[in-house]
Amino acid sequence: MSQRAFGTACRTPLRLAIASALLAAGPALAQDAADDTTAEIVGLEEIVVTAQRREQNALEIPVTVDVFSAAEIEKTGALNLFEIQDFIPGFEVGESATQSSISIRGVSSSNISTGGDPSVATFYDEVYLPRGATSMAFSDMARVEVLKGPQGTLYGRNAAAGVVNMVPNAPAPETEGFVRVRAGNFDLFRIEAMGNVALADNFFLRTNVLSNNRGGFADNVIEGGRDPGEQENLVARVAGLWTMSDALRLQLAWEQDTVDNAPRGAWGLSQWSECPDDPFCGRVRNDVIEPEESRDMSAVTGKLYWDISDRLSSKLIVSYREFELINRQDEDGTAEFDRYLDTDNIEDSDIQYNELQFNWSGDKVNVVFGGVYSKENTFQVIPVNTNADSAMRAVTSGIAAQTGFPLDHIWNPYEMSALMSALTQQPISPEMIMATGDFFYDQLDLFLPGTPVVGPSFAGQSWSEIYYNEGDFENYGLYGDVDWQLNDRWSLLFGLRWSKDEKTFSWRNPPNTLNAIWPGTDDIVFLPIPGYEQARTGTLVASDSWDDVTGRAVVNYQIHDNALTYLSYSTGYKSGGYDSLDVTTSDNPLRPEESENIEWGLKGDFFGQRLRTQLSVFKLEIEGRQRSVETKPPGQPQAIPTVINGDQEFTGVEVTLNWLVTDVFQMGFVTTWRDQEATWDPFYNAIGELVTETSSSTTDTDYSLWADWAVPLSRGALAIRGEYFFYENNDELDPTLVGGRDIPGFGDDRRMLNARIAWVDDRWTIGLWGKNLLDNEVTSGVSDISTASFGTPFVSIDPPRTYGIEVGYQF
């Protein structure tokens, strides 16, 4: 969908959703609400979480859980998980809206394959989210909980490294609402509205909507190309809560989440790119055809709460979610027609999630137990798109390596003349090459068998190689968790869960699209694998199942009313699966990940309840760790992503501090240290070398520091906030990729300074904000996906300085 069409499609539902929100909250406009703007209050307030599937004070649960509250979301202007990662130690999130990878304590998802699973489980409103749905925009969010370490007991599948739990606000009896507007440079304009009203004594309605639009932060000089950094989001949610009796409540919610962003930019480093020596020149040359990163997602969720007795309650969750996504992006960073490469990921998926949970609360013992069933259907298309001119340049690279001839492009008649003269031992002139059309190109296979060559008559023809995958997945789980209070100080927790995954997955890899006009043209990227011809001529189908029992055991000691320490042992499980681009996994599926974690933790309020501390020391071991690598096995001219297995061990420390210095000044600090050792199965790397990697590394120095200062005024207060993030960078640039040049920003430490100053009272917020105020210029790692064939490496860059205003009104 084009930007203009998307904008037109969004305007009508946006107006309707805003009108619905304001109508729902309309009666509040005539009332004299006296609620304070709690998002601007400095203090260490009680934080209630549902990390253990029941509401508890975050300081009373023996789990390392970091909480990002609604107040923090408003202060920072965070839009999604990517924008809160700096505040949570050991938590990293990819920026992509459709292929975002979430990492906890160094463990992340393997790749984009729908046949595999993430290592971090993500939940929204207590419902599991597939990988393509995890980048939801924050709209009327109560909090985000990040649980560290294996959470196999209460969360089950794919919680091998941890869990992200996004909790939206539920309908409430109060009549309330807000409207917030945020605007800034790069044409940023964001508006969010919420309204909550009691339509009857026992029925409450809550509606919210968010629209976010931002222009790109670099100009794409290609006509029709999209500027990197462009964002268009529309999120809406309507939830109703019906209290049928004192013991029975029903909540129904509908939500819509639409994204139409520019795809990831490719800042080229080759001589054919826009600014090869300076990625921060403000321009980029990305010629991808129909560039797009979009997602259209909707969901319906129902929750039935039944208080069976004073001690026993139950909750039934039934949810259905469906989404379609596209991510077509540039992979060469140039506009050279004969160096063109783009990749795409297209998905059409749906998931049904059902959970029945019971919670029994006794004088000394609390028990949570229940069962889960989910069914997911996926359809994925993974095209690699180029053209015949570029494909023959890639083939030329292979011929040059095979024959030793210094070839640039085989369609050059002088180069082809020299090559054929050497191969035939006969003089063949360039004029003969040009006069005979494709004749000599068609004969080349006689001298270099298996070389996929076509002649210059196919110049300009598109060339796509595509994998089609379908998956049907079912997951079952039974769990129980016991919290036994031995006395006022000591308690024990035990939990077990049985999980089972059944997967049926298929591959279809038809010949490249040039076969429509020239049958028999071989592929150059997705080469057919001997013994797996079924994927080429029809559909290859595989089925398998995996199951595991995971659990936890915790000893908890209450130091005082507001502090505890604990020692825990927990295990997690991530299902085995299939690689969308590797048909051999039909016979040799990806091994499941099995994790074990030993952890000591300390959390609480100390020094007169002015210093809130969370400290954890852990050792995490993962067997069968799944990792995505760029691999180029023999006979394959282009590297493609493939999943391999290995074993990893992590030992680390995480620290989170919140210090209430005075009643009006507060500081926060987080950092982490982590040592990592890994041994991986042998694989061919991106340049075709067979390697067996054994690595040992220590995390660089990373920390985040922020402060809030509330200055009381005769009316309201002045809220001043500063944030500073530091990430050490020891990346080294491979000189063979860029000819020994220094690339600005590569290997530089990341230093980010953000600030906000706002006037607030019980109704209004009016403020100024800025991010990356130091205009720190940092590039990420060099991508070499097209380097071997085209000599076109590229990087990504951090967004430049952004700033703007915000206005909010609540009632």
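Re the overall build of the protein chain
Phase 1: When helices and strands are counted, the protein chain shows 10 helices and 39 strands.
Phase 2: A compact globule built from 811 residues should have a C-alpha radius of gyration of about 28 Å, and the protein chain, at 28 Å, falls within 12% of that.
Phase 3: In terms of principal-axis extent, the alpha carbons of the protein chain reach across some 95 × 55 × 45 Å.
Phase 4: For the protein chain, the proportion of its 811 residues judged to be buried stands at 56%.
Phase 5: A total of about 32,500 Å² of accessible surface is found on the protein chain, and carbon and sulfur atoms cover 55% of it.

Observations concerning helix H4 (residues 388-403)
Phase 1: When the terminal C-alpha atoms of H4 are compared, their 22 Å separation across 16 residues agrees well with the 22 Å that a helix rising 1.5 Å per residue should span.
Phase 2: Along H4, the residues classified as buried are Ala-388, Asp-389, Ser-390, Ala-391, Met-392, Arg-393, Ala-394, Val-395, Thr-396, Ile-399 and Ala-400.
Phase 3: Put simply, Asn-387 is the residue that caps the front of H4, since its side-chain oxygen is 3.2 Å from the backbone nitrogen of Asp-389.
Phase 4: Phi turns positive, to about 85°, at Gly-404, one or two residues after H4.

As for the pairing of strand S8 (residues 141-148)
Phase 1: Of all 8 residues that make up S8, 8 are buried, and the element is covered over most of its length.
Phase 2: Pairing geometry for strand S3 (residues 65-69) and S8, over 5 bridges, is antiparallel. Along S8, the bridge assignment pairs Val-67 with Glu-145.

So, the side chain of Asp-582
Phase 1: Locating Asp-582 in the fold gives a position in the loop between strand S26 (563-574) and strand S27 (593-606).
Phase 2: Buried within the structure, Asp-582 lacks any salt-bridge partner; its nearest side chain of opposite charge belongs to Arg-591, at an N-O separation of 12 Å.
Phase 3: Once residues within four sequence positions are removed from consideration, Asp-582 is found in contact with Trp-507 and Thr-642.

A word on the state of the cysteines
Phase 1: Scanning the entire structure with this criterion turns up 1 disulfide.
Phase 2: Paired by a disulfide, Cys-275 and Cys-281 hold their sulfur atoms 2.0 Å apart. In this structure the cystine formed by Cys-275 and Cys-281 twists about its S-S bond by roughly 90°; its chirality is therefore right-handed.
Phase 3: Note on Cys-275: relative accessible area 12%, which makes it buried.

Considerations on the sheet that holds strand S6 (residues 120-124)
Phase 1: One open sheet holds the 5 strands; their spatial order is S3-S8-S9-S6-S7, and the pairing between them is mixed. Two strands in the sheet have a free side with no partner beyond their single neighbour: S3 and strand S7 (127-129). When strand polarity is set aside, the average angle formed by the axes of neighbouring strands in this sheet is 20°.

Details of the confidence of the model for the protein chain
Phase 1: Predicted confidence across the protein chain gives a mean pLDDT of 90, with 94% of residues reaching 70 or more.
Phase 2: Confidence, expressed as mean pLDDT per element, reaches its minimum in the protein chain at helix H1 (residues 3-25) with 42 and its maximum at strand S12 (residues 203-214) with 98.

Regarding the packing of aromatic side chains
Phase 1: For the structure on display, the rule yields 23 aromatic pairs.
Phase 2: Taken together, a centroid distance of 6.4 Å and an interplanar angle of 20° make the contact between Phe-473 and Phe-505 stacked. Separated by 32 residues along the polypeptide, Phe-473 in strand S23 (residues 462-485) and Phe-505 in strand S24 (residues 490-508) bring together distant segments of the chain. In this pair, the class of Phe-473 matches that of Phe-505, namely buried.
Phase 3: Seen from their ring centres, Phe-505 and Trp-507 are 5.1 Å apart, and the 85° between their planes marks the pair as edge-to-face. Accessibility classification places Phe-505 together with Trp-507 in one group, the buried group.

Structural notes on the environment of Gly-265
Phase 1: Among the structural elements, Gly-265 can be located in the loop between strand S15 (248-261) and strand S16 (267-268).
Phase 2: Its relative accessible area of 5% is what places Gly-265 among the buried residues.
Phase 3: Taking the C-alpha atoms as reference points, Gly-265 and Gln-329, 64 residues apart in sequence, are found 7.5 Å from one another.
Phase 4: When sequence neighbours within four positions are dropped, the list of residues in contact with Gly-265 reads Pro-228, Asn-286, Val-795 and Ser-796.

Here we look at the nonpolar core
Phase 1: Core analysis: the largest hydrophobic core is formed by 45 residues, its most contacted members being Met-392, Ile-399, Ile-410, Met-416, Leu-444, Trp-463 and Trp-507.
Phase 2: Breaking this core down by element, the ones donating at least two residues are strand S22 (365-387), H4, helix H5 (413-424), helix H7 (439-447), S23, S24 and strand S25 (540-560).
Phase 3: Counting residues in hydrophobic clusters, the runner-up holds 35 residues, among them Ile-73, Met-136, Leu-325 and Phe-650.

A closer look at unusual backbone geometry
Phase 1: Even without being a glycine, Asp-140 presents a positive backbone phi close to 55°.
Phase 2: Residue position: Asp-140 is located in the loop between S7 and S8.
Phase 3: Accessibility expressed as a relative area gives 6% for Asp-140, which makes it buried.
Phase 4: Non-glycine residue Asn-158 carries a positive phi angle of around 65°.
Phase 5: The topology assignment puts Asn-158 in the loop between helix H3 (152-155) and strand S9 (162-168).
Phase 6: Accessibility expressed as a relative area gives 0% for Asn-158, which makes it buried.

Focus on the environment of Gln-443
Phase 1: Inspection of the secondary structure puts Gln-443 in helix H7.
Phase 2: Using a relative accessible area of 27% as the deciding quantity, one classes Gln-443 as partly exposed.
Phase 3: Sequence-wise, Gln-443 and Ala-422 are 21 residues apart; in three dimensions their C-alpha atoms are separated by 14 Å.

Section: a negative patch on the surface
Phase 1: Together, Asp-296, Glu-322, Glu-324 and Asp-348 line one region of the surface with negative charge.
Phase 2: Overall, the relative accessible area of 40% leaves Asp-348 in the partly exposed class.

Quick word on the packing of H5 against H7
Phase 1: Taken N-terminus to C-terminus, the directions of H5 and H7 make an angle of 40°; their axes are 11 Å apart at the nearest point. Accordingly, the angle class assigned to the pair H5 and H7 is oblique. Here the hand of the crossing between H5 and H7 comes out left-handed. When H5 is examined against H7, the residues Met-416, Leu-419, Met-420, Leu-423 and Thr-424 are found in contact with a partner set consisting of Phe-440, Tyr-441, Leu-444 and Phe-447.

A word on the pattern of salt bridges
Phase 1: For the structure shown, the criterion picks out 51 salt bridges.
Phase 2: Glu-593 is paired through a salt bridge with Arg-625; the nearest N and O atoms lie 3.3 Å apart. In this pair, Glu-593 is assigned in strand S27 and Arg-625 in strand S28 (residues 611-631), connecting sequence segments 32 residues apart.
Phase 3: The buried category is assigned to Glu-593, whose relative accessible area is 0%.
Phase 4: Arg-721 is paired through a salt bridge with Asp-708; the nearest N and O atoms lie 2.7 Å apart. A residue pair is termed long-range when its members are at least 10 positions apart, and Arg-721 in strand S35 (residues 717-727) and Asp-708 in strand S34 (residues 702-712) qualify at 13 residues. Just as Arg-721 is buried, Asp-708 falls in that class too.
Phase 5: Each of Asp-66, Arg-105, Lys-148, Glu-599 and Glu-654 takes part in a single network of salt bridges with overlapping partners.

Cut-offs used in this document
Residues numbered from 1 in each chain as written. Predicted model: local features only at pLDDT ≥ 70, side-chain atom pairs only at ≥ 80, totals over all residues. Heavy atoms only, no water. Helix = DSSP H or I, 4+ residues; strand = E, 2+ residues; numbered from the N terminus. Rg over C-alpha atoms; globule rule 2.2 N^0.38 Å. Buried < 20%, exposed > 50% of the residue type's maximum accessible area, 1.4 Å probe, protein only. Areas by Shrake-Rupley, 256 points an atom, 1.4 Å probe, with all protein chains shown as cover. Expected span 1.5 Å × (residues − 1). Polar contact = N/O pair within 3.5 Å; in protein donor to acceptor, adjacent residues only side chain to side chain. Pairing = 2+ DSSP bridges. Lys, Arg positive; Asp, Glu negative; His and termini not counted. Salt bridge = Lys/Arg side-chain N within 4 Å of Asp/Glu carboxyl O. Contact = heavy atoms within 4.5 Å. Disulfide = S-S within 2.5 Å. Axes fitted to C-alpha atoms, helices over the stretch in contact; angles between N-to-C directions. pLDDT = per-residue confidence, 0-100. Phe/Tyr/Trp six-rings, centres within 6.5 Å; stacked < 30°, edge-to-face > 60°. Core = buried A, V, L, I, M, F, W, Y, C linked by side-chain atoms within 4.5 Å. Patch = residues over 30% accessible without salt bridge, like charges linked within 9 Å, V, L, I, M, F, W, Y side chains within 5 Å. Charge placed at Lys NZ, Arg CZ, Asp CG, Glu CD. Parallel < 35°, antiparallel > 145°, perpendicular 65-115°, else oblique. Left-handed = near helix turned anticlockwise from the far one by under 90°.

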